[in-house]
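# Architecture at a glance
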Amino acid sequence: MSTFGIKILQKGRNKMWSVVIGFSGFLMLVAATYDLLPVGLFILVISLTLISCGIILYAYEAYRDVPEGIKNNHNFFNSLSSRGWLGWLTGMVLTGFYILLYWFPEYLGQGDKSNTGLVAFFDPLSQLLKKQNASQWFVYGVLYTLAILIMGVKFIWKYKHSKYQLIRTLSVIFFQLAFAFLIPEFMLRLNMPYNDFKNMWPLNYYFFDGWHLQEMMQNGNIGWLMLIWGVLMIVVVSPVLTYFFGKRWYCSWVCGCGGLAETAGDPFRHLSDKSIAAWKVERYLIYSVLVFSVVMTAGVLYSFYSGISSIAGVNTASLRSIYGFLIGSAFSGVIGVGFYPLLGSRVWCRFGCPMAAILGIQQKFFSRFRITTNGGQCISCGNCSTYCEMGIDVRAYAQKGQDIVRASCVGCGVCSAVCPRGVLRLENGSIDIFDRGKKGRNFSQ
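The following paragraphs examine the structure supplied in this document. (Residues numbered from 1 in each chain as written. Predicted model: local features only at pLDDT ≥ 70, side-chain atom pairs only at ≥ 80, totals over all residues. Heavy atoms only, no water.)

Here we take up the state of the cysteines. Summed over all chains, the structure comprises zero disulfides. Cysteine Cys-251 shares no disulfide, and the gap to the nearest cysteine sulfur, in Cys-255, comes to 6.4 Å. Residue Cys-251 is classed as buried on the basis of its relative accessible area of 8%. In this structure Cys-381 is a free cysteine whose sulfur lies 6.1 Å from that of Cys-384, the closest cysteine sulfur available. According to the relative accessible area criterion, Cys-381 is partly exposed, its value standing at 41%. (Disulfide = S-S within 2.5 Å. Buried < 20%, exposed > 50% of the residue type's maximum accessible area, 1.4 Å probe, protein only.)

Quick look at the pattern of salt bridges now. Once their charged atoms are close, side chains differing in charge can pair, the charge on each being opposite to the other. Throughout the structure, instances matching the rule amount to 16 salt bridges. Close ionic contact of Asp-196 with Lys-198 constitutes a salt bridge, the shortest N to O distance being 3.3 Å. Judged on exposure class, the residue Asp-196 and its partner Lys-198 are both buried. Two residues, Arg-346 and Glu-262, come together in a salt bridge whose shortest N-O distance is 2.7 Å. Placement of the pair is Arg-346 in the loop between α14 (340-343) and α15 (347-351) and Glu-262 in helix α11 (residues 256-263), with a sequence separation of 84 residues. Assessed through its relative accessible area of 2%, Arg-346 is described here as buried. Note on Glu-262: relative accessible area 2%, which makes it buried. What you see here is one network of salt bridges that share partners, running through Lys-154, Lys-158, Arg-168, Glu-262, Asp-266, Arg-269, Arg-346 and Glu-389. (Salt bridge = Lys/Arg side-chain N within 4 Å of Asp/Glu carboxyl O. Helix = DSSP H or I, 4+ residues; strand = E, 2+ residues; numbered from the N terminus.)

The next point concerns the pairing of strand β3 (residues 369-373). With respect to burial, β3 is a largely interior element, five of its five residues being buried. By the bridge criterion, five bridges tie β3 to strand β4 (residues 424-428) in an arrangement that is antiparallel. Bridging across to β4, Phe-369 finds its partner in Asn-428. (Pairing = 2+ DSSP bridges.)

Right, let's get into the side chain of Gln-176. One can find Gln-176 in helix α7 (residues 163-189). Overall, the relative accessible area of 6% leaves Gln-176 in the buried class. Residue contacts for Gln-176: discarding those within four places in its chain leaves Tyr-144, Thr-145, Ile-148, Phe-181, Lys-198 and Gly-256. (Contact = heavy atoms within 4.5 Å.)

Here Cys-388 shows up in the loop between α17 (383-386) and α18 (394-400). Linking Cys-388 and Cys-409, residues 21 residues apart in sequence, is a C-alpha distance of 8.9 Å. Once residues lying within four places of it in the same chain are set aside, the contact partners of Cys-388 are Arg-269, Ser-272, Lys-274 and Val-394.

Of all hydrophobic cores here, the largest spans 51 residues; its most connected members are Tyr-250, Val-394 and Leu-424. Contributing elements (two or more residues each) for this core: α10 (248-251), α12 (276-306), α13 (316-338), α15, α16 (354-366), β3, α18 and α19 (414-417). In terms of residues, this core owes the most to one element, α12, which gives five residues. Ignoring any residue separated from it by four or fewer positions in sequence, one finds Tyr-250 in contact with Lys-198, Asn-199, Met-200, Leu-203, Cys-255, Met-355 and Leu-359. (Core = buried A, V, L, I, M, F, W, Y, C linked by side-chain atoms within 4.5 Å.)

Take the packing of helix α8 (residues 210-217) against α12 next. Orientation of α8 relative to α12, taken along the N-to-C sense of each, is 60°, at an axis distance of 9 Å. By the angle between their axes, α8 is oblique relative to α12. Judged by residue contacts, Gly-210, Leu-213, Gln-214 and Met-217 of α8 engage Val-300, Leu-301 and Phe-304 from α12. Among the residues making up the contact of α8 with α12, the classes are represented as five nonpolar, two polar and no charged. (Axes fitted to C-alpha atoms, helices over the stretch in contact; angles between N-to-C directions. Parallel < 35°, antiparallel > 145°, perpendicular 65-115°, else oblique. Nonpolar A, V, L, I, M, F, W, Y, C, P; charged D, E, K, R; others polar.)

Right, let's talk about helix α3 (residues 85-103) for a bit. The end-to-end C-alpha distance of α3, which contains 19 residues, comes to 27 Å, matching closely the 27 Å that a straight helix rising 1.5 Å per residue would cover. Restricting attention to buried positions, one finds in α3 the residues Gly-87, Gly-91, Thr-95, Tyr-98, Leu-101 and Tyr-102. Down the axis of α3, the buried side of the element spans an arc of 125°, and every buried residue falls inside it. Exposed residues lying more than 90 degrees from the buried face of α3 are Trp-85 and Met-92. (Expected span 1.5 Å × (residues − 1). Arc of directions from axis to C-beta.)

So, about the side chain of Lys-247. Structurally, the position occupied by Lys-247 is in the loop between α9 (220-245) and α10. The side chain of Lys-247 is buried and forms no salt bridge, while Glu-282, the nearest opposite charge, is found at 7.4 Å. Within the structure, Lys-247 has its side chain in polar contact with the backbone oxygen of Ala-356 (distance 3.1 Å). Excluding residues that lie within four positions of it along the chain, Lys-247 makes contacts with Thr-242, Ser-252, Ala-356, Leu-359, Gly-360, Gln-363, Ala-407, Ser-408, Cys-409 and Val-410. (Lys, Arg positive; Asp, Glu negative; His and termini not counted. Polar contact = N/O pair within 3.5 Å; in protein donor to acceptor, adjacent residues only side chain to side chain.)

The peptide bond linking Trp-201 to Pro-202 adopts the cis configuration, its omega dihedral lying at 10°. With respect to the helices and strands, the residue Pro-202 is situated in the loop between α7 and α8. In the Ramachandran plot, Asp-35 falls in the positive-phi region, its phi being about 60° despite a non-glycine side chain. Positive phi, close to 60°, is recorded for Lys-131, a residue that is not glycine. Looking at the secondary structure, you find Lys-131 in the loop between α5 (123-130) and α6 (136-158).

Written out as structure tokens, the structure reads:
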């Protein structure tokens, strides 16, 4: 056998062992769900370490000793990433997990006085961090953060030739680990209210709920800081940063939903629907959710300050419950993540996130950010359009040499990274915003 053949064989064996290692850790979690493992911090760490090592070793084997440049080989032939049986199985497992998480946490082991099963398996780590037993949301937070961490490492290896992708991935890892997980857990340990300082309304749809407002106002300086910072994020920080950098500052650098989509969801980004029909659905759906969010929040605030529970015969608490069920749980969680292997990685961001809708409006008409194109260099390979997770036909812009100014663009930069001719550039140029807005409206697709 040739040296090349021996290397291929060895790589295949190493990948197989990495799958065995990672799957062993996953089976430990499954066993814990059925109380088949003793509860202890050591055994939990072993389980999570096996999963992490398995995925990282697999990624290492996949991308080591290969030339620089993004490798998307076999994406359309792999069962997992091309809606094959493995993709459907993964989708069903993810969807089932989210259904249990939101509506049937008792099957995960969540108890009123003490936990069992999977939730109890995480009790030692929860006690270590915040001196409280775990909840289903603590389990979710650990697994969510771990997914971004280890798949982030895989993403960095894959896109190692792109400095923009390296820094952006480190950013989403940092904000998820520090702001979304560790700081809120330590705040609970210090008997402070739980708060993710980067999560803002309307993505954080409970921010203006009566119970949340009271909780913040009754917790002294830290509570008022949370309230004032939350309002400043909406009216000052977000518009200013979007003006300078586009919506990418949040959707691709800070947001946890975007972080999971960019890392764990990367193998599925090419599955996004690029059709005109999908674009029309996107426009109507995302702005409908935004209107729903604004109306729901206005009703909740009205009831909080007036003490009147209904407006025009509509109970505001019921409206809030409907929003939480349909949008906060079913759309953003079950469909948004559970359907990664079937509909692509940005289903929630593209079709449902009201935060993305607001940032998109600002980006389209009042932001300096755009993607410039050099049409003379475009060879129409279509890589940019294929791997745009937001379903934008980037190639159409490149062929015309037209700047890309789209409300839906999250500025992930993968279209530029996969371009073999360097046609696309992400820029924050000093241009006339008004003229740019008119150009964007004239080129609706």
